[in-house]
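A look at the structure
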Amino acid sequence: MALTAEKDDQWEVVDIESGLDGASSVVDRQDSLFREAVRGGHHSAGAAHYEQDSWWRTLRLAFQCVGILYGDVGTSPLYVYSTTFDHGVGHPDDILGVLSLIIYSFVLFTVIKIVFVALHANDDGDGGTFALYSLISRHAKVSLIPNHQAEDELVSSYGKHGKPSATLRRANWLKHRLETSKSAKISLFLVTILAIAMVISDAVLTPPISVLSAVSGLKEKVPDLTKDQIVWITVAILVVLFAIQRFGTDKVGYSFAPIVMLWLLLIGGVGLYNLIKYDVGVLRSFNPKYIIDYFRRNKKEGWVSLGDILLVFTGTEALFANLGYFSIKSIQLSFSFGLLPSIFLTYIGQAAYLRKHPEHFADTFYRSVPSSLFWPTFILAIAASIVGSQAMISCAFATVSHLQTLSCFPRVRILHTSKRFHGQLYVPEVNLLLCVAACLVTVSFKTTTIIGKAHEICVILVMIITTLLMTIVMLLVWKISIWWIALFFFIFIPIESIYLSSVLYKFTHGPYVPVAMSVVLMVVMIAWHYVHAKRYKYELKHTLSPNKAKELLEHHDLKRVPGVGLFYTELVQGIPPIFPHLFEKIPTIHSVLIFVSIKHLHVPHVDASERFLFRQVEPKEYKVFRCVARYGYRDSVDQEAEGFVLALVESLQYYIRDVNLYTVDEIQSISYPISRDHSLSREKPSGRHAIYAEEMITPIQSFSELTTLSNGVSNRLPQFQQASKMNIAELAKIEEEQRFIQRETEKGVVYILGESEVVARPQSSLLKKIVVNYIYSFLRKNFMQGEKMLSIPHGKLLKVGISYEI
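One structure accompanies this document, and this report is about it. (Residues numbered from 1 in each chain as written. Predicted model: local features only at pLDDT ≥ 70, side-chain atom pairs only at ≥ 80, totals over all residues. Heavy atoms only, no water.)

1. Here we look at the pattern of salt bridges
What counts, and what does not: Here, a salt bridge means any Lys or Arg side-chain nitrogen found within 4 Å of an Asp or Glu carboxyl oxygen. Each helix corresponds to a stretch of at least 4 residues labelled H or I by DSSP, and each strand to a stretch of at least 2 residues labelled E; elements are numbered beginning at the N terminus. Note on classification: 1.4 Å probe, protein chains only; a residue is buried when its accessible area is under 20% of the maximum for its type, exposed when over 50%, partly exposed between these limits.
Per the stated rule, a full pass over the model turns up 18 salt bridges. Two residues, Asp 308 and Lys 506, come together in a salt bridge whose shortest N-O distance is 3.3 Å. On the criterion of sequence distance, the pair formed by Asp 308 in helix H14 (residues 306–309) and Lys 506 in the loop between helix H21 (482–505) and helix H22 (512–541) is long-range, its members being 198 residues apart. Summarising the burial analysis for this pair, Asp 308 and Lys 506 share the class buried. Its salt-bridge partner being Asp 363, residue Arg 367 comes within 3.3 Å of it at the nearest N-O pair. Asp 363 gets classed as partly exposed once you look at its relative accessible area, which sits at 26%. Connected via shared salt-bridge partners are Asp 86, Asp 308, Lys 453, Glu 456 and Lys 506.

2. A word on the nonpolar core
Condition: Here, nonpolar core refers to any group of buried Ala, Val, Leu, Ile, Met, Phe, Trp, Tyr and Cys residues whose side-chain atoms link them within 4.5 Å. Residues count as neighbours in contact if any of their non-hydrogen atoms are within 4.5 Å of one another.
Judged by nonpolar contacts, the single largest core of 179 residues is most densely connected at Tyr 70, Phe 106 and Leu 434. Those residues within four positions of Phe 106 in sequence are excluded, and the remaining contacts are Val 73, Val 111, Val 312, Phe 313, Phe 335, Leu 340, Ile 343 and Phe 344.

3. Notes on H21
Threshold: Every helix has an expected span of 1.5 Å times one less than the residues it contains.
With 24 residues, H21 should cover 34 Å at 1.5 Å per step; its first-to-last C-alpha distance of 34 Å lies within 8% of that length. Turning to H21, its buried residues are Ile 485, Phe 488, Phe 492, Ile 493, Glu 496, Tyr 499, Leu 500, Ser 502 and Val 503. In this structure, the buried side of H21 is in contact with helix H6 (92–115), helix H13 (300–304), H14 and helix H20 (448–478).

4. Notes on a negative patch on the surface
Note the threshold: Like charges are joined within 9 Å and nonpolar side chains (Val, Leu, Ile, Met, Phe, Trp, Tyr) within 5 Å, but only among residues with over 30% relative accessible area and no salt bridge; these make up the patches. Accessible surface is estimated by sampling points in the Shrake-Rupley manner with a 1.4 Å probe; for residues, cover comes only from the protein chains shown. Under this rule, positive means Lys or Arg and negative means Asp or Glu; His and the chain ends count for nothing. Taken as the charge location is NZ of Lys, CZ of Arg, CG of Asp or CD of Glu.
There is a patch of like negative charges on the surface, built from Glu 551, Glu 554, Glu 618 and Glu 621. In this fold, Glu 551 is placed in helix H23 (residues 546–553).

5. Notes on the sheet that holds strand E8 (residues 612–617)
Selection criterion: Paired strands are those between which DSSP finds at least two bridges. Note on geometry: axes are lines fitted to C-alpha atoms, helical ones only across the stretch in contact, with angles between N-to-C directions running from 0 to 180 degrees.
Read across the open sheet, the 6 strands follow the order E8-E9-E7-E6-E10-E11; overall the sheet is mixed. One side of each edge strand has no neighbouring strand; the edge strands of this open sheet are E8 and strand E11 (797–805). On average, adjacent strands in this sheet sit at an angle of 25 degrees to one another, irrespective of strand direction. Here 8 bridges tie strand E7 (residues 588–600) to strand E9 (residues 624–631), and the two strands are oriented parallel to one another. The partner of Ile 598 across the bridge, within E9, is Ala 629. Seen against the sheet, helix H29 (residues 728–747) touches strand E6 (559–568), E7, E8, E9 and strand E10 (749–759) and runs at an angle of roughly 85 degrees to E6.

6. Quick word on the packing of aromatic side chains
The test is simple: Between 30 and 60 degrees the pair is tilted, below 30 it is stacked and above 60 it is edge-to-face, where a pair is any two Phe, Tyr or Trp rings, Trp via its six-membered ring, whose centres lie within 6.5 Å. A ring is scored as having a charge over it whenever the NZ atom of a lysine or the CZ atom of an arginine sits within 6 Å of its centre and within 35 degrees of its normal.
Within the structure shown, the criterion is met by 29 aromatic pairs. A centroid spacing of 5.7 Å and a plane angle of 35 degrees characterise the contact between Trp 263 and Phe 365, whose relative ring orientation is tilted. Of this pair, Trp 263 sits in helix H11 (residues 252–278) while Phe 365 sits in helix H17 (residues 364–367), and the two are 102 residues apart along the sequence. Like Trp 263, the residue Phe 365 is buried in the burial classification. The interplanar angle of 45 degrees and the centroid separation of 4.7 Å between the aromatic rings of Tyr 538 and Tyr 804 together place this pair among those described as tilted. In this pair, Tyr 538 is assigned in helix H22 and Tyr 804 in strand E11, connecting sequence segments 266 residues apart. Classification of Tyr 804 by relative accessible area gives buried; the value is 3%. Here the aromatic residues Trp 263, Phe 365, Tyr 366, Phe 374, Trp 375 and Phe 378 are joined through ring pairs into a cluster of three or more. Positioned above the aromatic ring of Tyr 290, the side-chain terminus of Lys 289 is 4.4 Å from the ring centre.

So, in structure tokens, the structure goes:
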């Protein structure tokens with residue numbers, strides 16, 4: 001890849017390896033923060049992770065993912081038949097028809113769509129609805145908040161690649177439509193948050209249905225137990241389950257994998273036993289003609305039962321969303337040779353048992369287990385249901401974290417419970433709400449039949465939205481043949497729509513519950529995002545002009561105090577309008593003032609070497625800088641303030657060195673050799689130190705060492721020739737400026753936080769006033785404040801308040 005300067009203040013990025021003659025993409029320079037962005041490495045950590053997977057590592061990950069991914073899918077045999085045949089078995093062959101539907105639905109939706117297609121639509125190793133939306137956002141500017149910067153596209157994990165011309169034209173057409181149509185942006189946004197709301201609702205329903213199904217088996221040995229007693233035992237287990245979330249699950253894969261593995265072996269073995277003992281003839285259900293016969297015989301009732309069969313592949317959304325912990329090969333391996341045979345044997349064995357004992361439709365699972373294996377099965381069922389619930393709860397925590405990167409959810413404290421596994425989160429407020437909701441669902445419905453019907457709509461809506469987003473990914477990102485895309489779309493959308501119609505027919509029998517929860521969640525998300533976007537646009541419109549900023553800094557009443565001031569703002573462009581408001585109240589600024597913006601990119605991770613972008617505000621002698629701290633949606637932002645300052649100051653020192661060593665024209669002329677995997681050459685350092693030689697230059701290295709290094713560098717780095725020509729005085733000036741920053745940092749750091757109150761204009765509509773003045777205001781006052789989110793020490797905090805009318 002070569003970077004060449006253009007007269008219209010743009011950068012032309014030419015992809016040498018793409019094979020496109022003369023093909024290039026032009027990145028608009030929206031901001032001179034671009035200067036620091038070009039130093040970032042272009043190596044995808046996620047890609048390297050998968051390329052370097054050995055078979056031993058793949059087998060180890062395959063064992064781990066059994067514990068994390070398959071708990072929910074593996075416990076569905078506890079309740080599928082009892083929910084499907086809730087009114088009894090009408091005809092003996094109906095069992096074969098339902099089993100055939102189970103087999104082919106599972107193969108179509110879980111095996112083909114998720115495991116062998118959707119897993120490849122990952123976002124640098126991360127899966128799920130949000131990852132698909134994030135992937136789309138990187139290839140088309142669909143965000144409703146105008147904070148995109150050209151520098152973002154140079155982050156190493158951004159990953160855009162060229163494709164053949166015909167598919168590229170189609171992708172560009174779709175990109176143009178998405179970027180120029182506000183209705184398309186809003187529709188894509190609403191579809192995404194609907195899926196996210198359904199996933200959170202699913203996390204409410206999964207623990208009750210799984211644990212209640214497992215606990216209900218006690219009636220086989222203790223027939224005197226009443227329904228209410230079973231319900232309260234379930235509630236007690238749920239309370240314990242949610243209470244232990246705060247301890248984290250650092251070694252969750254190794255802890256849970258043996259439990260789920262034993263569970264799958266047990267239910268698979270019992271299924272094989274039942275098949276041999278009761279009716280080997282159920283294997284005829286692999287013939288799809290039994291599906292046709294089932295619908296012909298049952299007509300409307302057969303169509304209605306489709307919704308219940310959806311429960312077979314519940315948990316697949318968590319399987320896709322938790323991809324980030326593992327590799328695609330490990331999931332496909334463990335799924336194909338572990339989960340799939342066990343699940344099929346279980347359903348086939350239960351069908352064989354029902355052929356002989358159709359009257360036991362209400363509790364098929366435990367009735368089909370040999371009496372000598374009851375207690376081991378019961379204990380493992382409880383354990384497996386807890387594991388499956390754990391996976392969905394963790395998925396909900398990750399989802400809330402992703403919502404905050406979209407600016408769609410109030411501030412909540414997100415705790416990273418493991419330093420080893422970045423995706424293991426705990427959100428105390430969300431955990432409490434999930435616990436209360438799960439217990440209320442259990443106490444209110446009491447039976448798995450109603451909870452199962454409520455569960456169905458979560459499963460099918462997420463599946464449909466995944467299909468829609470994957471179709472866009474195929475067009476925009478993969479750029480594959482239109483015939484493959486059409487085949488995918490016209491197979492899955494019609495079939496999934498039939499399943500959805502079946503679920504909606506029973507809307508008042510359970511599905512209304514997750515819909516109501518999702519509506520509440522969507523109102524919160526839409527209100528928060530709407531006001532946030534309006535406020536951002538208002539501040540962007542009223543940013544200080546360079547002349548106004550210069551006039552303000554040169555004002556004769558301005559006092560300078562020792563230390564560093566970090567002024568937090570959400571704007572990534574310009575100086576926020578709240579700054580002159582602070583100056584009016586307190587005409588004092590610190591010796592070094594840095595406007596800090598925390599920005600979440602649509603990538604899973606941002607390397608530490610690419611974290612900070614800087615620009616110095618004129619006049620330079622006032623030592624005022626702007627800084628954008630960039631994070632991926634899986635990165636932890638709750639870093640201790642002291643550690644954040646140390647990293648920021650270190651990067652600022654490198655920026656000062658760069659901006660003084662090289663002019664803008666010289667930086668623009670730098671050309672980095674790119675290897676075939678589009679990463680910086682492995683023989684050179686990457687990231688922040690990419691422009692230097694193989695040795696690392698410390699932030700405050702003496703000018704004599706720098707001169708020696710620059711004289712001894714290879715001709716492969718022509719930018720060092722400039723350093724060798726610089727005189728001692730210039731190098732000393734750079735060093736003194738760095739030392740000044742270091743001294744002021746040691747004198748103390750003060751954190752300045754802008755708190756803006758937003759109200760609707762008096763002439764606004766009633767709906768807008770309700771959203772802004774009541775819903776948003778309530779959420780803002782009752783959720784976490786900014787200083788707690790950023791771990792700012794209370795004794796070093798200065799808040800500045802301002803009101804906006806939007």
